[in-house]
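Architecture and fold: a report
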Amino acid sequence: MTHEETPGDETPRSALPRDEAPHDKMPRNELPRGALLPDAADVDEARMALALKAAVDAAESGEVPVGAVIFHRNRLVARAHNQRETLQDPTAHAEILAITQAAAALGSWRLDDCTMYVTLEPCAMCAGALVLSRMPRLVFGARDPKAGACGSVLDVLSCEQLNHSVEVTSGVLSEPCGLVLREFFQERRRK
């Protein structure tokens, strides 16, 4: 991976010293001989791991552990976790907070060229927000058999009557994403 493509790296390319960006001298469509492109699944897993860290942060603050990150091309532009209890706001889901952060970071409500990574399948509200933000791609970890709106209970994102559809990749790091939720609710029941 190049420095610019490192998941979670928020350093703007222009802030790098010239000697750290030798690829600037290469034609755009060429890679150095022997360079390997990361497998798409590896990139998705690395970025989902960042969302999983946000979910753990949510659990540590007493929130349901759902985390979300948004990448614009190869740049992290948003990281959020559920904050419904903290903010006493029923809409303070990780996805909604991340979409708001990304729109502010990009200066546009249209989140073209963005991908959201979220640890739990979005609900109907969050799936609707993905459509309204024109997010082209969603990657989620664990399915939500009670409220999932990306194929489990509803399928908002592939509804042909809506003005936008979202490409969905599911099951990325599903085991650890599901485990953090199960452990959180087991601990809550013990109290």
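Residues numbered from 1 in each chain as written. Predicted model: local features only at pLDDT ≥ 70, side-chain atom pairs only at ≥ 80, totals over all residues. Heavy atoms only, no water.

**Some remarks on helix 3 (residues 94-106)**
- Under the 1.5 Å per step criterion, the end-to-end length of helix 3 is 18 Å for 13 residues, consistent within 8% with the ideal 18 Å.
- Those residues of helix 3 that sit buried are Ala94, Glu95, Ile96, Leu97, Ala98, Ile99 and Ala102.
- Tucked inside the fold, the buried residues of helix 3 contact strand 1 (67-72), strand 2 (75-81), strand 3 (114-120) and helix 4 (124-132).
- Once helix 3 ends, the next one or two residues include Gly107, with phi positive near 70°. (Helix = DSSP H or I, 4+ residues; strand = E, 2+ residues; numbered from the N terminus. Expected span 1.5 Å × (residues − 1). Buried < 20%, exposed > 50% of the residue type's maximum accessible area, 1.4 Å probe, protein only. Contact = heavy atoms within 4.5 Å.)

**Some points on the pairing of strand 2**
- Counted residue by residue, strand 2 has five buried out of seven residues, so it is predominantly covered.
- Across six bridges, the pairing between strand 1 and strand 2 is antiparallel. Bridge pairing links Val69 to Arg79 in strand 2.
- A loop of two residues connects strand 1 with strand 2, the two strands running antiparallel in sequence, and Arg73 in this loop sits at a positive phi of about 55°. (Pairing = 2+ DSSP bridges.)

**Overview of the pattern of salt bridges**
- Within this structure, the stated rule accounts for six salt bridges.
- A salt bridge links Arg137 to Asp44; the shortest N-O distance between them is 2.7 Å. With Arg137 in strand 4 (residues 137-142) and Asp44 in helix 1 (residues 40-60), the pair connects residues that are 93 residues apart, well separated along the chain.
- Taking the relative accessible area as the measure of exposure, Arg137 reaches 18% and is therefore buried.
- With its nearest N and O atoms 3.7 Å apart, the salt bridge here joins Glu121 to Arg143. Placement of the pair is Glu121 in the loop between strand 3 and helix 4 and Arg143 in the loop between strand 4 and strand 5 (167-170), with a sequence separation of 22 residues.
- On the basis of relative accessible area, Arg143 is assigned to the partly exposed category, the value being 44%. (Salt bridge = Lys/Arg side-chain N within 4 Å of Asp/Glu carboxyl O.)

**A short note on the pairing of strand 3**
- A large share of strand 3 lies buried, amounting to seven of its seven residues.
- With five bridges joining them, strand 1 and strand 3 adopt antiparallel strand pairing. Opposite Ile70, over in strand 3, you have Met116 as the bridge partner.
- Pairing of strand 3 with strand 4 involves five bridges; the strand directions are parallel. Within strand 4, the position partnered with Tyr117 by the bridge is Val139.
- With helix 4 bridging strand 3 and the parallel strand 4, this β-α-β connection has right-handed handedness. (Right-handed = clockwise from strand over helix to strand, strands pointing away.)

**So, the nonpolar core**
- Core analysis: the biggest nonpolar cluster contains 47 residues, and Ile70, Ile99, Met116, Met135, Leu138 and Leu157 have the highest contact counts within it.
- When contributions to this core are tallied by element, the ones reaching two or more residues are helix 1, strand 1, strand 2, helix 3, strand 3, helix 4, strand 4 and helix 5 (174-190).
- Here this core gets six residues from one element, more than from any other, and that element is helix 3.
- For Met135, the residues in contact, after removing those within four places along its chain, are Ile70, Ile99, Leu111, Cys114, Thr115, Met116, Leu130, His164, Ser165 and Val166. (Core = buried A, V, L, I, M, F, W, Y, C linked by side-chain atoms within 4.5 Å.)

**Examining the environment of Gly171**
- Within the element layout of this structure, Gly171 appears in the loop between strand 5 and helix 5.
- In this structure, the C-alpha to C-alpha distance between Gly171 and Leu120, residues 51 residues apart in sequence, is 9.4 Å.
- The contacts of Gly171, once residues within four sequence positions are left out, are Phe140 and Gly141.

**A short note on the packing of aromatic side chains**
- The full count for this structure, using the stated rule, is two aromatic pairs.
- Ring geometry for Phe71 against Tyr117: centres 6.1 Å apart, planes inclined by 90°, an arrangement best described as edge-to-face. Separated by 46 residues along the polypeptide, Phe71 in strand 1 and Tyr117 in strand 3 bring together distant segments of the chain.
- Taking the relative accessible area as the measure of exposure, Phe71 reaches 1% and is therefore buried. (Phe/Tyr/Trp six-rings, centres within 6.5 Å; stacked < 30°, edge-to-face > 60°.)

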